[in-house]
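Analysis of the macromolecular model
The residues making up each chain are set out below.
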Amino acid sequence: MLNSLASGRRLALRMVMLQLATAAVIGLAFLAQGRREAVAAAAGAALAALGTALLSARAFAGVSGAGLALGRLLAGMVLRWIVLVGGLVLILGQFKLPPLAAIAGLVAGYATNLLAFRFKG
């Protein structure tokens with residue numbers, strides 16, 4: 001076996017923690033432009049963290065056969081997209097926060113995945 005389930009769970013937890021840290025950092029960075037921009041950027045990065053948390057919780061639910069594991073992974077991906085689209089609708093439509101800051105936060109949140117995979121230790 002090349003990779004254990006516990007290793008995948010640890011990597012997913014590391015990714016979520018990095019994304020939450022990115023949310024705080026990008027929120028502080030956008031604070032120079034204003035409070036609404038900072039909230040939008042932090043919320044965008046937090047959406048990435050929430051989507052990753054839901055995906056990993058669904059994908060690493062337990063040991064099963066290949067078909068069930070693929071089904072869990074696909075269900076997690078669908079949950080991730082629902083969170084992403086629903087969150088952006090709330091951020092941009094309901095709360096009317098600045099779109100550029102929200103999308104920049106979302107991109108920064110997902111860019112941390114590269115760091116998590118690069119330094120998986």
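Reading the values: rules and limits
Residues numbered from 1 in each chain as written. Predicted model: local features only at pLDDT ≥ 70, side-chain atom pairs only at ≥ 80, totals over all residues. Heavy atoms only, no water. Helix = DSSP H or I, 4+ residues; strand = E, 2+ residues; numbered from the N terminus. Contact = heavy atoms within 4.5 Å. Areas by Shrake-Rupley, 256 points an atom, 1.4 Å probe, with all protein chains shown as cover. Axes fitted to C-alpha atoms, helices over the stretch in contact; angles between N-to-C directions. Parallel < 35°, antiparallel > 145°, perpendicular 65-115°, else oblique. Nonpolar A, V, L, I, M, F, W, Y, C, P; charged D, E, K, R; others polar. Expected span 1.5 Å × (residues − 1). Buried < 20%, exposed > 50% of the residue type's maximum accessible area, 1.4 Å probe, protein only. pLDDT = per-residue confidence, 0-100. Core = buried A, V, L, I, M, F, W, Y, C linked by side-chain atoms within 4.5 Å. Left-handed = near helix turned anticlockwise from the far one by under 90°.

Looking at the overall build of the protein chain
Within the protein chain one finds four helices and zero strands. Over its C-alpha atoms, taken along the principal directions, the protein chain stretches across nearly 50 × 30 × 15 Å. Counting contacts in the protein chain only where the partners sit at least 6 residues apart, residues at least 24 apart contribute 72% of the total. Split by element, the accessible area of the protein chain, about 7,300 Å² in all, is 74% carbon and sulfur.

Let's talk about the packing of helix α1 (residues 5-30) against helix α2 (residues 35-59)
Contact geometry of α1 with α2 gives a least axis separation of 7 Å together with a crossing angle of 175°. In terms of orientation, α1 and α2 fall into the roughly antiparallel class. Within the contact between the two elements, α1 uses Ala 12, Met 15, Val 16, Gln 19, Leu 20, Thr 22, Ala 23, Ile 26, Gly 27 and Phe 30 and α2 uses Glu 37, Ala 38, Ala 41, Ala 42, Ala 45, Ala 46, Ala 48, Ala 49, Thr 52, Ala 53 and Ser 56. For the contact of α1 with α2, the residue count by class is 15 nonpolar, five polar and one charged.

Describing α1
For α1, spanning 26 residues, the distance from its first C-alpha to its last is 37 Å, which sits close to the expected 38 Å at 1.5 Å a residue. Residues Gly 8, Leu 11, Ala 12, Met 15, Val 16, Gln 19, Thr 22, Ala 23, Ile 26, Gly 27 and Phe 30 constitute the buried set of α1. Buried residues in α1 make contact with α2 and α4 (99-118).

Digging into the confidence of the model for the protein chain
Scored by pLDDT, the protein chain has a mean of 91; 95% of the residues are at 70 or more. When mean pLDDT is taken per element in the protein chain, α2 scores highest with 96 and α4 scores lowest with 90.

Quick word on the nonpolar core
Ile 26, Phe 30, Leu 47 and Leu 106 are the most contacted members of the largest nonpolar core, which totals 18 residues. Contributions of two or more residues to this core are made by α1, α2, α3 (66-94) and α4. Considering each element in turn, this core owes the most residues, six residues, to α2. Residue contacts for Leu 106: discarding those within four places in its chain leaves Gly 44, Ala 45, Leu 47, Ala 48, Leu 84 and Leu 88.

Describing unusual backbone geometry
It is generally the case that most residues other than glycine have a negative phi and that most peptide bonds are trans. Of note in the backbone geometry, Lys 96 takes a positive phi value of approximately 55° without being a glycine. You can see Lys 96 is positioned in the loop between α3 and α4.

Some words on the packing of α3 against α4
With their axes 10 Å apart at the nearest point, α3 and α4 run at an angle of 155° to one another. With respect to α4, the element α3 is oriented roughly antiparallel. Taken as a pair, α3 and α4 cross one another with a handedness that is right-handed. Contacts from Arg 80, Leu 84, Leu 88, Ile 91 and Leu 92 of α3 reach α4 at Pro 99, Ala 102, Leu 106, Tyr 110 and Asn 113. Class assignment for the residues of the contact of α3 with α4 results in eight nonpolar, one polar and one charged.

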